[in-house]
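Residues per chain are reported as follows:
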Amino acid sequence: MRKKKPLFSNPDYKYSSLPTTRKEAFKDVYHHNFKTITLSGLMLLLFSIPLIIFLIMMDYGRLGMTSEKFNEEELRAVLLLWDIIVNGGVVLLLYPVLVALMGVMRVLKLLVWQEGIDFFYDFKVGIKENIKYFSLLYLFPALIFIGTYCVYAFLLNFLIGIWLIILFVIIFVPLFIWSIYVVNVYQTTLWNYIKNGAFFYSRTLPLTILFSILISFPFFSIFIPLSGITIIVKYSLIIVMMVFYYPFMIIVGYLYSLSKFDLFINKDNYPEIYRKGLYDINKK
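These lines cover the structure that appears in this document, whether it is placed above or below. (Residues numbered from 1 in each chain as written. Predicted model: local features only at pLDDT ≥ 70, side-chain atom pairs only at ≥ 80, totals over all residues. Heavy atoms only, no water.)

**Observations concerning the packing of aromatic side chains**
All told, the structure shown has 23 aromatic pairs when counted by the stated rule. Aromatic pair Y133 and Y193: ring centres 4.9 Å apart, planes at 70°, arrangement edge-to-face. Here Y133 is found in helix α3 (residues 119-155), whereas its partner Y193 is found in helix α5 (residues 190-203), with 60 residues between them in sequence. You can call Y133 buried: its relative accessible area is 18%. Consider the rings of Y186 and F261, whose centres lie 5.5 Å apart with planes at 75°: the pair is edge-to-face. Taken together, the residues Y186 in strand β2 (residues 186-187) and F261 in helix α7 (residues 229-269) connect sequence positions 75 residues apart. Of the two residues examined, Y186 and F261, each falls in the buried class. (Phe/Tyr/Trp six-rings, centres within 6.5 Å; stacked < 30°, edge-to-face > 60°. Helix = DSSP H or I, 4+ residues; strand = E, 2+ residues; numbered from the N terminus. Buried < 20%, exposed > 50% of the residue type's maximum accessible area, 1.4 Å probe, protein only.)

Following this line, the structure appears as structure tokens:
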């Protein structure tokens, strides 16, 4: 694999002032770049607006689907149609969020690497660099999710459907997450991205599953049926998570994935990015 080269370096810091551990790096990144991290979250929110508007409309539409307006057979058919539209819309409208993620991940990578950034320039470069493979990698779990949903909706019951969703989160979400972290650091083929994603997932199974659940759980809350004022509370929480929670999780994922990249790849193959962004007493 070839690594991607950052466009800027930061000449203003002293090398000796760099953090020495990933834990210190997390504190340092947030201490010095909170505004940039928040701006990253706002970009995620901006690109999420079509999805949020769609879901709000569908939730309010769902409030009118009651037994008072439909008989039992009609209500079942209407709810199934509503469910199909919601799931299909989510799969389609998550793509703009993915586009924002392409840019945000480059920006946050440069922060973790202690590189200087020009936010909107690097955001656009991140989209340009990542759009091909992020899109292809998203297509795979999206198709799996659609297939899983169709099996649940037309062939199985609710309880089995829940287990299918759990399996989806445990198997395909971690593979996607690891693959996009690899994409954002190295240049190789689609197959190698998937293969390396599977490799790192297999080496970090418990923590990766936990991370995937923490990433997915807030998202799946959008499918919880609510009524009245609670819908406002629900989407207020989603907005807060987009701005603050997901940038936090991306940075945590970066620090953890970079530690594994250092262990399995960088130390021997890319020493120039080994422990990049951290102080190494052996360097001068």
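That was the structure; now back to the text.
**Looking at the nonpolar core**
One finds I250 and F261 to be the most contacted residues of the largest nonpolar core, which totals 74 residues. Every element with two or more residues in this core is listed here: α1 (22-63), α2 (72-112), α3, α4 (158-183), α5, α6 (205-220) and α7. The element that contributes the greatest number of residues to this core is α2, accounting for 17 residues. Contacts of F261, omitting those with residues within four sequence positions, involve W178, Y181, V182, V185, Y186, F200 and N266. (Core = buried A, V, L, I, M, F, W, Y, C linked by side-chain atoms within 4.5 Å. Contact = heavy atoms within 4.5 Å.)

**Observations concerning the pattern of salt bridges**
Counted by the stated rule, this structure contains 5 salt bridges. The partner of D59 in a salt bridge is K234, and the shortest N-O contact between them spans 2.9 Å. Here the residue D59 occupies a position in helix α1, and K234 occupies one in helix α7, the gap between them amounting to 175 residues. For D59, a relative accessible area of 5% translates into the label buried. With its nearest N and O atoms 3.0 Å apart, the salt bridge here joins R106 to D122. In this pair, R106 is assigned in helix α2 and D122 in helix α3, connecting sequence segments 16 residues apart. With a relative accessible area of 1%, R106 lands in the buried category. Connected via shared salt-bridge partners are R106, D122 and E129. (Salt bridge = Lys/Arg side-chain N within 4 Å of Asp/Glu carboxyl O.)

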